[in-house]
Amino acid sequence: MAEELTPETPETPETPETESEEPIKQRKNGLYPGVSDELAENMKSGWADTELRDLKPVEQAEHTARRRAALSARFPGERLVIPAGNLKTRSNDTEYSFRSSVEYAYLTGNQTEDGVLVLEPTADGHQETIYLLPRSDRENGEFWLSGQGELWVGRRHSLAEAEQLYGIPASDVRELPQKLKEATGPVRVVRGYDAGIEAALTDKVTGERDEELRVFLSEMRLIKDDFEIGELQKAVDSTVRGFEDVVKVLDKAEATSERYVEGTFFLRARVEGNDVGYGTIAAAGPHACTLHWVRNDGPVRSGDLLLLDAGVETHTYYTADVTRTLPISGRFSEIQKKVYDAVHEAQEAGIAAVKPGAKYRDFHDAAQRVLTERLVEWGLVEGPVERVLELGLQRRWTLHGTGHMLGMDVHDCAAARTETYVDGTLEPGMVLTVEPGLYFQADDLTVPEAYRGIGVRIEDDILVTEDGNRNLSAGLPRRSDEVEAWMASLKG
């Protein structure tokens, strides 16, 4: 990684560099002591015009416009501020890969750091403006001296280009904090992403009003439009290919560790999408009993199970969330198959309960009942089934809820009100996971030794349709015999 000629603190919207301000400082311990006047002057000229003209709007532009209109109608007469967020330092002078706030990306289609969408109230609605960093400055040397300059991290779109892409008037975000400080009237901001923007509004906003904005934006995403469903299907299709990739290299994972599984899937996610939608869970053997095992540093052994919970995220931030539990050898043992088939039966009951008009909780209740029936049948918990369910005794081995909403966040719509989410009713366009599991911890002395260390989860992404549901991840087999045949075909 090249050493930059940059300031220790790169330029931000709160600390803009202009010709009249202090010049860009050099990095401590940099190899060049400074920039000569002659070099600075030389770097200002001799560059071709690279402005992009006649750009087409991003694919989701018509959808983001409709979403902003709905937001405007919900909060008439109020200024609404939705930031993308800022870069976060990973260590010293390196940053984490940037992922904009979901609220901002959902409303604009833009994904660049420091962006802010502002809806200014007017007599008949709102005036929309997207505030962005313009192209890096060549006059003051930012484009080659700043750590976030064009020659270091790549070209930013100009404001004129941004207007063409997103269909929103664009302005320089470095001017926004002062404008917000001077603003009057009611204001709401999505908190937690941009401390500078929040500081500029500190005397104008309230936690209660801002929470209402966050909740509304979360509930907007409960029902997906056609564009979103298409993106989720893309994410799932890539995820299916990622699972196939893993099965083909299980022998290499056995020779190394769970990290080989994680890395194999990650390659598919980066080639076909933006990233993984969440930290991949590549849990072999007893690690499958740890619900969010993301260390992925354990052994992969023939005879054990591999629980792979992974999802590709598309370039528009929509993520799949799929789990399969696979016999590393290619065939389930008798006890593994017994547990697996019970989880599959529970998932079938859960998926069957997903339909318009059903209560959101119905699929969870249906799956939990099947698992509880099997636990009682196996003598692992004393019945009757109704008693076990009433007391929640099955949770020692089922542990988690049976699913969640899915979209731009893997646990989408999390800020929605309970009455519209968990206590709500399913509607066409909702997308959720159905993912029952059974987990027998390696140190659980309440179950026979044969069960200990076995963890099984099966998870699919389900779209609620007008007449029932559609399994977006049906491309991956679920039944135990089908899983074995599928693995054999890939290894063969």
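Residues numbered from 1 in each chain as written. Predicted model: local features only at pLDDT ≥ 70, side-chain atom pairs only at ≥ 80, totals over all residues. Heavy atoms only, no water.

As annotated in an unreviewed UniProt entry, the protein chain carries the name Xaa-Pro aminopeptidase and is attributed to Streptomyces carpinensis. According to the UniProt record, the Cofactor (unreviewed entry) comment for the protein chain reads "Mn(2+)". Per UniProt, the protein chain carries the Catalytic activity (unreviewed entry) text "Release of any N-terminal amino acid, including proline, that is linked to proline, even from a dipeptide or tripeptide." (UniProt positions renumbered as here; feature names shortened; annotations may be inferred.)

Draft legend 1. Highlighting the packing of aromatic side chains. Evaluation of the coordinates by the stated rule reveals nine aromatic pairs. When the ring of Phe243 is compared with that of Phe265, the centres are 5.9 Å apart and the planes differ by 85°; the resulting orientation is edge-to-face. Note that Phe243 is positioned in helix α10 (residues 226–248) and Phe265 in helix α12 (residues 258–272), a separation of 22 residues in sequence. As far as the burial class goes, Phe243 and Phe265 line up, both buried. Ring geometry for Tyr360 versus Phe363: centroids 5.2 Å apart, planes at 90°, classification edge-to-face. (Phe/Tyr/Trp six-rings, centres within 6.5 Å; stacked < 30°, edge-to-face > 60°. Helix = DSSP H or I, 4+ residues; strand = E, 2+ residues; numbered from the N terminus. Buried < 20%, exposed > 50% of the residue type's maximum accessible area, 1.4 Å probe, protein only.)

Draft legend 2. Looking closely at the sheet that holds strand β5 (residues 125–132). Reading across from one edge, β6-β5-β4-β1-β7 is the order of the five strands in this open sheet, with mixed pairing throughout. Each edge of the open sheet carries a strand with a single partner, namely β6 (170–172) and β7 (187–189). Across this sheet, the average inter-strand angle for adjacent strands is 25°, counted without regard to direction. The strands touched by helix α2 (residues 61–74) within the sheet are β1 (79–83), β4 (116–122) and β5, with β4 carrying the most contacts at an inclination of about 50°. Where helix α6 (residues 159–166) meets the sheet, it contacts β5 and β6, and its direction lies at approximately 150° from that of β6. (Pairing = 2+ DSSP bridges. Axes fitted to C-alpha atoms, helices over the stretch in contact; angles between N-to-C directions. Contact = heavy atoms within 4.5 Å.)

Draft legend 3. Spatial organisation of the layout of surface pockets. Here the largest pocket defines a volume of roughly 730 Å³. Taken together, 27 residues form the lining of the largest pocket, with Leu87, Phe98, Gln111, Thr112 and Glu113 sitting closest to its centre. Among the secondary structure elements, those contributing two or more residues to the lining of the largest pocket are α6 and β8 (275–276). Considering every element that reaches the lining of the largest pocket, the biggest residue donor is α6, with three residues. Of the residues assigned to the lining of the largest pocket, the class counts are 11 nonpolar, eight polar and eight charged. (1 Å grid on protein atoms, 1.4 Å probe; cavity = no way out; pocket = protein on both sides within 12 Å on 5 of 7 lines; lining within 4 Å. Points joined across faces, edges and corners; volume = space filled by probe spheres on them. Nonpolar A, V, L, I, M, F, W, Y, C, P; charged D, E, K, R; others polar.)

Draft legend 4. Structural view of the environment of Asp124. Of note, Asp124 is situated in the loop between β4 and β5. A relative accessible area of 74% means that Asp124 is categorised as exposed. For the pair Asp124 and Ser72, spaced 52 residues apart in the sequence, the C-alpha separation amounts to 9.7 Å. A polar atom in the side chain of Asp124 sits 3.2 Å from the side chain of Thr122. (Polar contact = N/O pair within 3.5 Å; in protein donor to acceptor, adjacent residues only side chain to side chain.)

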